[in-house]
Amino acid sequence: AQTVTQSQPEMSVQEAETVTLSCTYDTSESDYYLFWYKQPPSRQMILVIRQEAYKQQNATENRFSVNFQKAAKSFSLKISDSQLGDAAMYFCAYSINTGNQFYFGTGTSLTVIP
Amino acid sequence: DTAVSQTPKYLVTQMGNDKSIKCEQNLGHDTMYWYKQDSKKFLKIMFSYNNKELIINETVPNRFSPKSPDKAHLNLHINSLELGDSAVYFCASSLTTLQETQYFGPGTRLLVL
């Protein structure tokens, strides 16, 4: 079974500091996609970053970057220069084409301290 | 312009009632989804349609019936509502398959009394 695990239910970071959210997944597939989504209090789900498993280079999107370790099945999200607007629930997600499977992790609630 | 819209935003109803949630996307995407987010924020995919064809049907009570009149719309009808159906329901769409980025609607908060 494919599962996505986020072991940190809650995290906090000082404004302007860096924080890393962890995510591990379990799969026997070699070709898949990984995502980080953000859900602010407004409840809207917003894509933060996306990584294709066949790409060795870590995805980067402005202040957001990932550390993708395929062998370890780890996909952590690093947020640099944290801002108050980064406060939200962050969900790691995994998808494969075979069987059209898509799984979310349980989420990490990030608090940004002014 | 709203990319993925859902109506209603809030829905409060009595047990046993039948209700529908509507979803529309104006992105020209082929694939649409319904997710359920429970009180613990756990998100689970319920259904997926690609070009009006059902491609994912997770273990969901058959009281839940999706309907896709065209590829821009995916509605969710729920019969005989139960207390456990209370949740936030999200519609989403993607260009083609699950590998593509999904664009989510604002969610519909359903409360069954």
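Higher on the page you've got the structure.
Here the structure is a predicted model, which is why all the values come from computation and not from measurement.

J.: What is the right way to read the pattern of salt bridges from this model?
T.: Pairing between side chains of opposite charge can happen when the charged atoms of each approach one another. In this structure the tally under the stated criterion is six salt bridges over all chains. The salt bridge involving Arg63(A) is made with Asp86(A); its shortest N-O contact spans 2.8 Å. Within this pair, whereas Arg63(A) is found in the loop between β7 (60–61) and β8 (64–69), its partner Asp86(A) is found in the loop between β9 (74–79) and β10 (88–96), the two being separated by 23 residues in sequence. Residues Lys71(B) and Asp30(B) are paired through a salt bridge, measuring 2.7 Å at the closest nitrogen-oxygen approach. With Lys71(B) in the loop between β7 (64–70) and β8 (73–78) and Asp30(B) in the loop between β3 (19–25) and β4 (31–37), the pair connects residues that are 41 residues apart, well separated along the chain. The class for Lys71(B) is partly exposed, based on a relative accessible area of 34%. Sharing partners across several salt bridges, the network here consists of Arg50(A), Glu52(A) and Lys55(A).

J.: Please clarify how the packing of aromatic side chains should be interpreted in this entry.
T.: Centre distance and the angle of the planes are the two values used to describe a pair of aromatic rings. On inspection of all chains with the given rule, the structure shows 16 aromatic pairs over all chains. With 6.3 Å between their ring centres and 80° between their planes, Phe68(A) and Phe75(A) make a pair best called edge-to-face. Each member of the pair, Phe68(A) as well as Phe75(A), carries the same accessibility label: buried. An aromatic cluster of at least three residues, connected via ring pairs, comprises Phe35(A), Tyr37(A), Phe91(A), Phe104(A), Tyr33(B), Tyr35(B), Phe90(B) and Phe104(B).

Reading guide: rules and limits
Residues numbered from 1 in each chain as written. Chains lettered and ligands numbered in written order. Predicted model: local features only at pLDDT ≥ 70, side-chain atom pairs only at ≥ 80, totals over all residues. Heavy atoms only, no water. Salt bridge = Lys/Arg side-chain N within 4 Å of Asp/Glu carboxyl O. Helix = DSSP H or I, 4+ residues; strand = E, 2+ residues; numbered from the N terminus. Buried < 20%, exposed > 50% of the residue type's maximum accessible area, 1.4 Å probe, protein only. Phe/Tyr/Trp six-rings, centres within 6.5 Å; stacked < 30°, edge-to-face > 60°.

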